Amino acid sequence: MMFKKGQTAYSLINGTDHDSHELLSVRNPADDSLLANVTQVNTVEADFAVEVASECFEQLKKSTAQARSNILYKWYQLIMDNQSRLAELVTLEQGKPIQESKAEVVYAAGYVRWFAQQAERVCGTVIPAHTPNHQITTHKQGVGVVLGITPWNFPLAMVTRKVAPAYAAGCSFILKPSELTPLSAIELAKLALQAGMEQGAFQVLVSDNPQALIRHLNSKKIIRKLTFTGSTQVGKLLYAQCVETMKRASLELGGNAPFIVFDSANIESAIDGLMIAKFRNAGQTCIAANRVFVHRDIKAEFLEQLIRRVDSLKVGNGLIAGSDIGPLINQAAKTKACELVEDAIAAGANCIVQNIEELQTGAFMSPVILDMVVPDMKIFQSEIFAPVVSIIEFDSELQVTSLANAVDAGLAAYVYSASMKQVSRVSNALNFGMVGINEGAISNPAAPFGGMKESGLGREGGIEGIDEYLETRYFCQHI
Ligand code: SIN
């Protein structure tokens, strides 16, 4: 392991461990044991980090895309070289099963490699001029100092998905990671330094009063861009703050994904997809299948197969081989999920797998399948973020499309059908930024990840991902 259990870890300012008596405790959600105490950053120290980032941005303006690309490649390689140790750290502080943590390391590193490539593809244009004696050109440059706020559910991938494109574009980055999982972010930043990244290019500020720290940083004029992954509620507050300084914002917010299984679908493959889309990270992903719509004619068979698969899932400490579902991030997350389940049952849903009384101890939660969920239940409108499958029966394409769209979120959706015409019609009609078509695993660095409606603004990854960190300037030259 890179850090020893119980030891002090440090916020990282100007490439240096930040010493402080103010410590934040990081605990293992599997057993609540103390993992590390992390030094915190107050607003004065944060101001210094902003100054450093601002100077670094000026320095980065003079660097070449090729030089930044080389550093990103080295960072990618170092992340991969440290796959086992990083994966163990993710499981310790976040709880997910070790095989999922290993996959997250590859996913996180993939963003770094992707943007190492994209760094050298940022080009301006020459536009036919409006008169013979003018030349019109466009130029792209990094937007400036970036403030990033990342969640606890993917402590590595959500960081690299933001820092790598920002650096590729020539921006310096100040990260406020989740106070629940800051250790992975600190390790990533150390590896970036080892790869040759400038000291002010990627700083990590930890605080147990994140609202105050973010409010302080977000009011800075010198920070030109905010990128946030988290809840829609917090995203709206942050977006409103950005208005004061006219900061650009990318917001990757909550989802409420419909997972639609038509009567022609291959049931086994739909269930394979659902097991990923629902149970990855114990259901704690914003693209998790939140509402599973199953055509009335195949529901009985679908449920029979699903129950068998869900019964075989093992809930347990993510470090123990064979665990499929680790703990939820904390007791509060479990309480919230159980309340949604109880509310649905009280409103008429049928709990066909798991009895709430039998849910495991601590933050562990056994899978739940609820049948007969209907749109006016709270669970239909809420992001569940737990291993709970809500089944909604439907009869027609029109009905299911309109039900699927009848929520504020618009992040991911999934459609299973053997009819190519039907999947085309339905995918087009769904108001969601990403659609899995006969596929439950849609995340990858080459794809533009992001949502419509209240699921946010902007795209991360893909060709679009770097645009979020670029300013387009236009020169009109008299010749
Ligand atoms: C998220 O849950 O915010 C991200 C999930 C992913 O990248 O697959």
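Just so it is clear, the model here is predicted, and its values are computed rather than measured.

K.L.:
Hey, could you go over the overall build of the chain for me, with residue numbers and the actual values?
P.N.:
Scanning the chain from terminus to terminus reveals 14 helices and 23 strands. A compact globule built from 479 residues would reach a C-alpha radius of gyration of about 23 Å, and the chain, at 23 Å, matches this within 12%. C-alpha extents for the chain along the principal axes are approximately 70 × 65 × 40 Å. By the burial criterion, 58% of the 479 residues in the chain qualify as buried. Of all intrachain contacts in the chain linking residues separated by at least 6 positions in sequence, the fraction that spans at least 24 positions is 74%.

K.L.:
So what's going on with the nonpolar core? Residues and values would help.
P.N.:
Judged by nonpolar contacts, the single largest core of 137 residues is most densely connected at Trp75, Phe202, Phe302 and Leu306. The dominant element in this core, judged by the number of residues it contributes, is helix α4 (residues 98-118), at 10 residues. Sequence-distant contacts of phenylalanine 202, defined by excluding residues within four places in its chain, comprise Trp75, Val159, Val163, Phe173, Leu175, Ala185, Leu188, Ala189, Ala192 and Met197.

K.L.:
Let's hear about the side chain of glutamine 422: which residues, and what values?
P.N.:
The topology assignment puts glutamine 422 in helix α14 (residues 420-429). Judged by its relative accessible area of 11%, glutamine 422 is buried. Setting aside chain neighbours within four positions, we find glutamine 422 in contact with Phe262, Ser264, Glu397 and Ser417.

K.L.:
Residues and numbers for the sheet that holds strand β6 (residues 125-127), please.
P.N.:
What the 3 strands build is an open sheet, ordered β6-β7-β23; its pairing is antiparallel. Every other strand in the sheet has two partners, leaving β6 and β23 (470-478) as the edge strands with one partner each. Going from strand to strand, the sheet's axes swing by 25° on average, the running direction of each strand aside. Here β6 pairs with strand β7 (residues 134-142) via 3 bridges, running antiparallel. From the neighbouring strand, isoleucine 127 faces β7, where its bridge partner is isoleucine 136.

K.L.:
If you had to explain the packing of aromatic side chains to someone new, which residues and values would you point to?
P.N.:
Per the stated rule, a full pass over the model turns up 8 aromatic pairs. When the ring of tryptophan 152 is compared with that of phenylalanine 385, the centres are 5.8 Å apart and the planes differ by 90°; the resulting orientation is edge-to-face. Pair noted here: tryptophan 152 is in the loop between β8 (145-149) and α5 (157-169) and phenylalanine 385 is in the loop between α12 (378-381) and β17 (388-394), with a separation of 233 residues, a long-range link. With a relative accessible area of 17%, tryptophan 152 lands in the buried category.

K.L.:
Give a detailed account of the packing of helix α2 (residues 65-81) against helix α6 (residues 182-194), specifying residues and quantitative values.
P.N.:
With their axes 8 Å apart at the nearest point, α2 and α6 run at an angle of 130° to one another. Relative to α6, α2 is oriented oblique. Crossing geometry of α2 relative to α6 is assigned as right-handed. Residues Trp75, Leu78 and Ile79 of α2 lie in contact with α6, whose contacting residues are Leu188, Leu191, Ala192 and Gln194. Tallied by class, the residues present in the contact of α2 with α6 amount to 6 nonpolar, 1 polar and no charged.

K.L.:
Account for the pattern of salt bridges, with residues named and values stated.
P.N.:
Taken as a whole and judged by the stated rule, the model has 18 salt bridges. Taking the shortest distance from any N to any O, the salt bridge between lysine 162 and glutamate 460 comes out at 2.7 Å. Of this pair, lysine 162 sits in helix α5 while glutamate 460 sits in the loop between β22 (456-457) and β23, and the two are 298 residues apart along the sequence. Both residues of the pair, lysine 162 and glutamate 460, count as buried. Notably, a salt bridge pairs arginine 296 with glutamate 393, separated by 2.4 Å at the nearest N-O pair. Residue arginine 296 is found in the loop between β14 (289-295) and α10 (299-311), and its partner glutamate 393 is found in strand β17; the two are separated by 97 residues along the sequence. A cluster of three or more residues bridged by salt bridges with shared partners is formed by Arg296, Lys299, Asp371, Glu393 and Asp395.

K.L.:
Give a description of the sheet that holds strand β1 (residues 8-9) that names residues and reports values.
P.N.:
The 3 strands are arranged β1-β5-β4 in an open sheet whose pairing can be described as mixed. Because the sheet does not close on itself, it has two edges, and the strands there are β1 and β4 (23-27). Where β4 and strand β5 (residues 34-39) come together, 5 bridges link them in antiparallel fashion. Each bridged residue has a counterpart across the sheet, and for valine 26 the counterpart in β5 is alanine 36. Lying on the sheet, α6 is in contact with β1, β4 and β5; it crosses β5 at an angle near 60°.

K.L.:
For the site of the ligand, give the residues involved together with the corresponding values.
P.N.:
Of all residues adjacent to the ligand, which total 13 residues, the nearest are Tyr107, Arg161, Arg280, Cys286 and Ser443. Between the ligand and cysteine 286, the relevant distance is 2.8 Å, taken from an oxygen atom to a main-chain nitrogen or oxygen of the residue. Isolated, the ligand exposes 250 Å² of accessible area, and the fraction of that covered by the protein chains is 99%. In terms of residue class, the shell around the ligand is made up of 6 nonpolar, 4 polar and 3 charged.

Rules behind the numbers
Counting from 1, residues in each chain are numbered in the order their sequence is written. Residue-level local features of this predicted model are given only where pLDDT is at least 70; pairs of side-chain atoms are given and counted only at 80 or more, and the full residue set underlies all totals for whole chains, interfaces and linings. Excluded from the side-chain calculations are hydrogens and water; all other atoms, namely the structure's heavy atoms, are used. Helix and strand definitions follow DSSP, with helices as H or I runs of at least four residues and strands as E runs of at least two, each counted in order from the N terminus. Throughout, the radius of gyration refers to the C-alpha atoms, and the reference size of a globule is 2.2 Å times the residue count to the power 0.38. A 1.4 Å probe rolled over the protein chains alone gives each residue an accessible area, and that area as a share of the maximum for its type sets the label: buried under 20%, exposed over 50%, partly exposed in between. Should any heavy atoms of two residues lie within 4.5 Å, those residues are considered in contact. Residues grouped as a nonpolar core are buried Ala, Val, Leu, Ile, Met, Phe, Trp, Tyr and Cys residues, joined through side-chain atoms within 4.5 Å. Here a strand pair is declared whenever DSSP counts at least two bridges between the two strands. Note on geometry: axes are C-alpha line fits, over the in-contact stretch for helices, and angles between N-to-C directions span 0 to 180 degrees. To pair, rings of Phe, Tyr and Trp, with the six-membered ring standing in for Trp, must have centres within 6.5 Å; the planes then decide the type, stacked if under 30 degrees apart, edge-to-face if over 60, and tilted in the middle. Oblique is the label for any angle not covered by the other classes, which are roughly parallel (under 35 degrees), roughly antiparallel (over 145) and roughly perpendicular (65 to 115). In this scheme, a crossing is called left-handed if the near helix is turned counterclockwise away from the far one by less than a right angle; it is called right-handed if the turn is clockwise. Only Asp, Glu, Lys and Arg are considered charged in this grouping, and only Ala, Val, Leu, Ile, Met, Phe, Trp, Tyr, Cys and Pro are considered nonpolar; every other residue, Gly among them, is considered polar. Salt-bridge detection follows one rule: a side-chain nitrogen of Lys or Arg within 4 Å of a carboxyl oxygen of Asp or Glu. Throughout, the term near means that a residue has one or more heavy atoms lying within 4 Å of the molecule or strand in question. Whenever two N or O atoms come within 3.5 Å, that pair is a polar contact, provided that in protein one can donate a hydrogen and the other can accept it, and provided that, for residues adjacent in sequence, both atoms are side-chain atoms. Methods summary: accessible areas were calculated by the Shrake-Rupley approach with a probe of 1.4 Å, and residue burial reflects only the protein chains presented.

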